[in-house]
Amino acid sequence: MLKPLAPVPSNDPGEGHSTVSRSRQQVEKSFSGLRCRLVNQVQARFWYGL
C-alpha cells in the first residue's frame, strides 16, 4: 500500500501549500480514483468467473 506524501509548505506564509504540493495532491487523487476503478473491475471479473 502506498503512503500519501506530506504536503510541502510554501515560502509564503499566507499561501498555505505550494503549487507543487497542490499539483501532487491532484495527481494522487486522480491515481486513487483510477486504482479504485481498476480494483472494482478486477473484483467484478473475478466474481463473474466463479
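Described below are features of the structure shown in this document. (Residues numbered from 1 in each chain as written. Predicted model: local features only at pLDDT ≥ 70, side-chain atom pairs only at ≥ 80, totals over all residues. Heavy atoms only, no water.)

1. Let's talk about the overall build of the protein
Move 1: Helices and strands together make up the secondary structure of the protein, namely one helix and zero strands.
Move 2: Buried positions account for 6% of the 50 residues belonging to the protein.
Move 3: Here the protein has roughly 4,800 Å² of accessible surface; of this, 64% comes from carbon and sulfur atoms. (Helix = DSSP H or I, 4+ residues; strand = E, 2+ residues; numbered from the N terminus. Buried < 20%, exposed > 50% of the residue type's maximum accessible area, 1.4 Å probe, protein only. Areas by Shrake-Rupley, 256 points an atom, 1.4 Å probe, with all protein chains shown as cover.)

2. Observations regarding a nonpolar patch on the surface
Move 1: A contiguous nonpolar patch, built from V27, F31 and L34 and spanning about 300 Å² of accessible area, is present on the exposed surface.
Move 2: Of note, L34 is situated in helix α1 (residues 19-49). (Patch = residues over 30% accessible without salt bridge, like charges linked within 9 Å, V, L, I, M, F, W, Y side chains within 5 Å. Salt bridge = Lys/Arg side-chain N within 4 Å of Asp/Glu carboxyl O.)

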